[in-house]
Amino acid sequence: MSDVLARYAFLPWMHRGLSVKIEEAENFNNFTTVPTGGWTVERPQIEVKVNIEAKKGDQTANDHVNQIISLVGPGDITGIDPRVIIKTEPRHWVTNFEPNFFPYIEFYEEDFPWRYTPASATGNKLRPWLLLLALKADEFKRDTAQFGPLPSILVLGHEDDPPDTTGAASGVFPNAAQIWAWTHVHLNGDLDPTNNLDPTNQSDLDKALNRFRQLLAANPDQAVSRMICPRKLEPNTSYYCFLMPAYETGRLAGLGVDASIIATHNAQEASFGVDHNTDEDHSAYVDHFPYYYEWHFMTGDVGDFESLVRKLVPREVDPRVGTRTMDVQEPGFNINFDPGPPHNDGVLMLEGALLPPGGTSNREPYPWSNATPSINYRRKLAQLLNLSEDLMAATFPSNQFYGTNPFGYEGPAEDIKDDPIITPELYGRWHALKNTLDTTTAALSNNNTWLYDLNLDPRSRTVAGLGVKHVKNNQEKLMDKAWEQLGEVLEANRKIRWGQFSQQVSFAAYAKHLKSQQAEQANAIASRLFRKVKLGTTTAFKQVKDSALPDATQSFTYRRIERPYGPVMRRLDPNKTIFAQNALRISLANKSKVAVDPKTFSQMQGLLPRSDVHSDVSTIADYLIRTSNFSPTNPDADRITPDMEAEVRFKAAIENYHDYFATDNWIDVADKNALNLSILTTQVVEEVNPLFTIHKLIYQKLIFDGLGYMVPPADKIVPIMAYPVFQEPMYETVRVLGIDFLVPNLHLIPNNTVTLLESNQRFVEAFMVGANHEMGRELLWREYPTDQRGSYFRQFWDSSDMVNNSGLSEKELAAQSLDIEEIHTWASNTQLGTHNARPGVPDTGLLVLVIRGDLLKKFPDTIIYAQQAKFKAGSNHLKDPRELDTAIEYPMFSARIEPDINFFGFNLTAEQAKGDREADDPGWFFIIQERPGEIRFGIDVGGSSTAPITWNGLNQNNAPFSGLYLNASDNAVTTSGTGGNEINGKPVNWGFNSTNFAQILYQNPVLLAVHGDEMIP
């Protein structure tokens, strides 16, 4: 159970309507003391007083009538609407329910469990009219012939019952007087937000009830009623839950017993707990129970989330985990490892995909030694890898360890290239565009780039060989997927061929009619494109607009005037020497010539035919325009207030016309930018080159789901050499090839351990290059349209659960979850292990949380994340406990090795996680949290038999079970610690009411926080 119930509130019972007037008090199935008037029979009864007022004229007479009426009771209910049931826990046919939890059922209506209860509450306790019973398969038998309106069962009893115990009195039933304890109202809200109300004070209770009514009125869906079955369940056992009548009248009615027989029973008589009546009227129904609802479930192994997470122990990982020895003395091909430091015995340490924290930084580098024997070993290996190219070229370099004719070829040397000879592969050759390795001493001593490391370090070649083996083992399946992805490419290549044709035709016209023209002539031809070409941050048109070039020169009318062979230019400049093509426009743009200033207002007055305009305006039909002083060139001189819509529009048009010619609206040419129109035109011409524009148009529209391809150079349109993309995480392949390849010595991590490892990016990249290299060869062999430079595999770890907390699109998130960059983009001078495609990930790799145990096997939906620690204000940073801060990191990948090992990769370093108390660095916690969701009630597994210090310590050994069920008697168990009986600062006592039981048995989601320094040396 939890110490905090911040959002939930519970009520012990609820009555509505006339049932609140029931006077007979709850007797808890004890009929010893008979009340005055005797016990109510069959149905609850209330006295109703009816006031009568009679009037006749001025006379009024008052009287009243008292009447005893019977309410609907359990004996009147022969079925319920299944829709009133909103939830069962566990759900029907669940097969792994935790045996330390209790099953329950929820109803939508808050008062439903007590609606037909034939009594009023006694001391905040009221039995429901229903009973939830959980039975094992051998504890009942279904009635094949239905007695009445409801299906029924015959209760057989429990194996531990005393001899001759009847089913009704069996221990499979709870104590009939205590079923009030296991039913309550649940509210999703807080009835005491100030935490100041006293549950034993009636005034405070009234305040809580008023708030309950307010919350329920605001949202009727906030509350439900719940009935718990507090039976101790056995692990790996099948159970059937039955919702049945709790009162004898309800039992008999469900079995179809005659109403006259039902009427002989007291209303509060329980249907179980004592032997049934065996007289002639009842004998056929002994130990038979009808039910309204049923569901089935099975329990799993012992252990809820809390018990399993408590078993986890933080440990520093064994330093042997992640590596194992590899003998490289005789790899074959007559290459022997010569003795030499530091590996005189010819043994190297082969690494896995995960290493202990700091293992990546402390690993033995490549080259591991520059001693002569080591260099000679690498030289022999390089010569062997170069052999295929030497044979293809029919050349035999001198000083090769294999001699000048390694395979005893008998024909002429120049013919050897025609005979295929298979030699070991040079991994990554197509991606790196390298066919041979440099075998000089300088290269073998100093060159630690990825291509040399991958091919000349036996550790890296071994891992690359694993990738090769994956492709060979799955070649048919991989090729089937590759061909499935190719359908779009064939259609795309058809469009690309049309694009090639369009590109060449357009370029021919472009070269002849635009590119070949001088800038002045090109400006006239290309000016219409200025709006579509962006140069820098603005379009070419905007740059012209902001220049000193007058807008009129860009108009169609002006262009007609300045045509070299037009009538105006032939008359002004017949020899084409003064007004050369566009020369005026170029001069105006660069401000070497200035256009005439615009006319001022006073100058415009003389140009406008005032009298004619005045006459036209004054003769508009029915327009009340004052004509004495009105002038369209100065409409403000004699303002009038128009009173017609047409007048308003006309006046607005005249004013806009006037404002256009206002001097203030004309920008002085001196304030505008000078523009080199020739250079601008040249830039525009280059930008519209069809070689580039059509290339961009074609390849921007090529989108293939799941298929990769490399865009050719910007001026080339060529058929797509597509490559398939396989998104399955490759770590699973390595696991299939052998767990000791993935994480050597993983068995050294004990069960129920939480520890930290570090991802080995060198391993990942070596494996991926090997797999991609072999896939390229396979595609070539199958005549797949590819150039063998594709990166078919880029996903090593499983990132399908990666949290998108940066608002990335699905495509962006997928790109950032890949483990390697495209191999053909790897720079030739970079090292193996430095090409992680995940942003912000250090070369040392990701920090990997390892959890080994039953927890995630049983609860695979557990929430795992890292949360930054902080020092508590005023604490001693060197020794006081740290607490959780707000910064959170979610796993970037996950992996699983059956049956019980899970890995979670975080973008943290070992130094960050460990922290440094002396440097005031609090480090990071790793959080293992139960997923919030279903509300659970139960008690902890195992534990001490002594009284719990707090209710949180209640377990199966110290809880007060009476037979199969919890004992709800007052103080059947108490807490031993000071304030141990408090929850949310309020006393909660065993047996007080059902609300207290709900609080005590409620199971909050569990959270385990393990600090990094507990797992890092």
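Residues take numbers from 1 onward in each chain, read along the sequence in its written order. Predicted model: local features are reported for residues with pLDDT of at least 70 only, side-chain atom pairs are reported and counted for 80 or more only, and whole-chain, interface and lining totals are derived from all residues. The side-chain quantities take in all heavy atoms of the structure and omit both hydrogens and water.

A. Highlighting the packing of helix H10 (residues 458-473) against helix H25 (residues 761-781). Every angle, taken between N-to-C directions, lies between 0 and 180 degrees, and every axis is a line fitted to C-alpha atoms, over only the stretch in contact when it is a helix. Labels follow the DSSP assignment, with helices taken as runs of H or I lasting at least four residues and strands as runs of E lasting at least two, numbered in each case from the N terminus. One way to put it is that H10 packs onto H25 with a least axis distance of 7 Å and a crossing angle of 45 degrees. Classified by the angle their axes make, H10 and H25 are oblique. Crossing of H10 over H25 shows right-handed handedness. Contacts between H10 and H25 involve Ser460, Val463, Ala464, Leu466, Gly467, Val468, His470, Val471 and Lys472 from the first element and Arg762, Phe763, Ala766, Phe767, Gly770, Ala771, Glu774 and Met775 from the second. Side-chain classes are defined by residue name, with Ala, Val, Leu, Ile, Met, Phe, Trp, Tyr, Cys and Pro counting as nonpolar, Asp, Glu, Lys and Arg as charged, and the others, Gly among them, as polar. Looking at the contact of H10 with H25, its residues break down into 10 nonpolar, 4 polar and 3 charged. For classification, angles of less than 35 degrees are called roughly parallel, those exceeding 145 degrees roughly antiparallel, those between 65 and 115 degrees roughly perpendicular, and all remaining angles oblique. Handedness of each helix crossing follows the sense of rotation of the near helix against the far helix: counterclockwise by less than a right angle gives left-handed, clockwise gives right-handed. Any pair of residues with heavy atoms lying within 4.5 Å of one another is described as a contacting pair.

B. Structural detail: the packing of aromatic side chains. Any Phe, Tyr or Trp ring, taking Trp's six-membered ring, that has another such ring centre within 6.5 Å forms a pair; planes under 30 degrees apart are called stacked, those over 60 apart edge-to-face, and the others tilted. Tallying each qualifying case throughout the model produces 38 aromatic pairs. Summarising the aromatic geometry, the rings of Phe97 and Phe297 are spaced 5.4 Å apart at their centres and angled 75 degrees between planes, so their arrangement reads as edge-to-face. With Phe97 in strand S5 (residues 94-97) and Phe297 in strand S14 (residues 293-299), this residue pair connects regions lying 200 residues apart in the sequence. Like Phe297, Phe97 is buried. With centroids separated by 5.4 Å and ring planes inclined at 70 degrees, the aromatic side chains of Phe305 and Phe859 adopt a geometry described as edge-to-face. Each residue is placed in one exposure class: buried if its accessible area under a 1.4 Å probe, protein chains only, is under 20% of its type's maximum, exposed if it is over 50%, and partly exposed if it falls in between.

C. Molecular detail of the sheet that holds strand S1 (residues 8-11). A sheet is described by the order of its strands in space; here 5 strands give the open sequence S1-S10-S11-S6-S4, paired in antiparallel fashion. The open sheet is flanked by S1 and strand S4 (85-89), the only strands paired with a single partner. Strand-to-strand twist of the sheet, defined as the mean angle between neighbouring strand axes without regard to direction, takes the value 25 degrees. By this definition, two strands are paired if DSSP reports at least two bridges between them. For strand S10 (residues 183-188) and strand S11 (residues 223-228), the ladder comprises 5 bridges, and the chain directions are antiparallel. Residue pairing for S11: His184 is matched across the bridge by Arg226.

D. A look at the sheet that holds strand S8 (residues 140-142). Strand order in the open sheet made by the 3 strands is S8-S9-S13, with antiparallel pairing throughout. Each edge of the open sheet carries a strand with a single partner, namely S8 and strand S13 (288-290). Recorded for the sheet is a direction-independent mean angle of 30 degrees between the axes of neighbouring strands. Two elements, S8 and strand S9 (residues 152-155), share 3 bridges in a ladder whose sense is antiparallel. Of the residues in S9, the one forming a bridge with Phe140 is Val155.

E. Here's a closer look at the confidence of the model for the protein chain. For every residue, the predictor states its confidence as a pLDDT score lying anywhere from 0 to 100. Looking at the protein chain, the pLDDT average stands at 84 and 85% of residues meet or exceed 70. Ignoring residues within four places in sequence, the model shows residues 604-633, a span with pLDDT below 50, making 37 contacts including any to other chains.

F. Broad picture of the side chain of Asn902. Along the chain, Asn902 falls in strand S28 (residues 901-906). In protein, a polar contact means a hydrogen-donor-capable atom and an acceptor-capable atom, both N or O and within 3.5 Å, with residues adjacent in sequence counting only if both atoms are side-chain atoms; elsewhere, any N or O pair within 3.5 Å suffices. At 3.0 Å, the side chain of Asn902 and the side chain of Arg896 are in polar contact. Among residues more than four places away in sequence, those in contact with Asn902 are Leu849, Val850, Ile851, Leu856, Ala895 and Arg896.

G. Layout of the environment of Leu588. You can see Leu588 is positioned in helix H17 (residues 583-589). For the pair Leu588 and Thr553, spaced 35 residues apart in sequence, the C-alpha to C-alpha distance is 9.3 Å.

H. Molecular detail of H25. Helix span, as expected, comes to 1.5 Å for every residue beyond the first. Between its first and last C-alpha atoms H25 spans 30 Å; for 21 residues at 1.5 Å apiece the expected length is 30 Å, and the two agree. Following H25 by one or two positions, Glu783 has its phi on the positive side, about 60 degrees.

I. Fine view of a negative patch on the surface. A cluster of acidic residues, Asp258, Asp279, Glu280 and Asp281, forms a negative patch on the protein surface. By the element assignment, Asp258 lies in the loop between helix H2 (248-254) and helix H3 (259-262). Note that patches include only residues with greater than 30% relative accessible area and no salt bridge, and the join distances are 9 Å for like charges and 5 Å for nonpolar side chains (Val, Leu, Ile, Met, Phe, Trp, Tyr). Accessible areas in this description were obtained via Shrake-Rupley with a 1.4 Å probe; residue shielding takes into account the shown protein chains only. Note on definitions: salt bridges are taken to be side-chain nitrogens of Lys or Arg within 4 Å of carboxyl oxygens of Asp or Glu. Neither His nor the chain ends is counted toward charge; the positive residues are Lys and Arg and the negative residues Asp and Glu. Think of each charge as sitting on NZ of Lys, CZ of Arg, CG of Asp or CD of Glu.

J. Quick peek at a nonpolar patch on the surface. A cluster of nonpolar residues, Val50, Ile52 and Val65, forms a patch on the protein surface that exposes about 220 Å² of accessible area. On the accessibility criterion, Val50 (42% relative accessible area) is partly exposed.

K. Spotlight on the state of the cysteines. When the sulfur atoms of two cysteines come within 2.5 Å, that pair is taken as a disulfide. All told, the structure shown has 0 disulfides when counted by the stated rule. No disulfide involves Cys229; its sulfur sits 6.0 Å from that of Cys241, the nearest cysteine. Residue class for Cys229 comes out buried when judged on its relative accessible area of 0%. A relative accessible area of 0% means that Cys241 is categorised as buried.

L. Highlighting the nonpolar core. Judged by nonpolar contacts, the single largest core of 78 residues is most densely connected at Leu456, Met775, Phe793, Phe796, Trp797 and Phe903. Per-element accounting of this core gives the leading share, 9 residues, to H25. Setting aside residues up to four positions removed in sequence, Phe793 forms contacts with His470, Val471, Leu478, Phe726, Met730, Met768, Ala771, Asn772, Met775 and Ile820. For our purposes a nonpolar core is just a set of buried Ala, Val, Leu, Ile, Met, Phe, Trp, Tyr and Cys residues, chained together by side-chain atoms within 4.5 Å.

M. Summary view of helix H6 (residues 372-392). For H6, built from 21 residues, the straight-helix expectation of 30 Å at 1.5 Å per residue is met to within 8% by its first-to-last C-alpha distance of 30 Å. The principal kink in H6, of about 40 degrees, is found at Asn386. At every residue, the bend is computed as the angle between two fitted axes, covering the seven residues ending there and the seven beginning there respectively.

N. How the structure looks around the environment of Lys125. With respect to the helices, strands and loops of the structure, Lys125 is situated in the loop between strand S6 (104-107) and strand S7 (130-136). Along the sequence, Lys125 and Asn993 sit 868 residues apart, while their C-alpha atoms lie 6.0 Å from each other. Apart from the residues within four sequence positions on either side, Lys125 is in contact with Trp13, Glu26, Phe28, Trp180, Asp970, Gly991 and Phe992. Among the polar contacts made by the side chain of Lys125, one reaches the side chain of Asp970 at a distance of 3.4 Å. Side-chain polar atoms of Lys125 contact the backbone oxygen of Gly991, separated by 3.1 Å.

O. Representation of unusual backbone geometry within the structure. Residue Glu89 is joined to Pro90 through a cis peptide bond whose omega torsion reads 0 degrees. With respect to the secondary-structure elements, Pro90 resides in the loop between S4 and S5. Going from Glu898 to Pro899, the amide bond is cis rather than trans, its omega being 5 degrees. Of note, Pro899 is situated in the loop between strand S27 (893-897) and S28. With phi around 50 degrees, Asn236 is a residue other than glycine that occupies positive phi space. Structurally, the position occupied by Asn236 is in the loop between S11 and strand S12 (238-245). One non-glycine residue with positive phi stands out, namely Leu433, at about 55 degrees. Among the structural elements, Leu433 can be located in the loop between helix H7 (429-432) and helix H8 (441-446).

P. Structural context of the pattern of salt bridges. For the structure shown, the criterion picks out 36 salt bridges. In this structure, Arg777 engages Glu425 in a salt bridge whose closest nitrogen and oxygen atoms are separated by 3.4 Å. Taken together, the residues span a long stretch of sequence, with Arg777 in helix H25 and Glu425 in the loop between H6 and H7 at a distance of 352 residues. What makes Arg777 partly exposed here is its relative accessible area of 32%. Its relative accessible area of 18% is what places Glu425 among the buried residues. Glu476 is the partner of Arg782 in a salt bridge, and the nearest nitrogen-oxygen pair spans 2.9 Å. Placement of the pair is Arg782 in the loop between H25 and helix H26 (810-816) and Glu476 in helix H11 (residues 475-484), with a sequence separation of 306 residues. The class of Arg782 is partly exposed, set by a relative accessible area of 23%. Look at the salt bridges and you will find they share partners, linking Glu42, Arg43 and Asp76 into a network.

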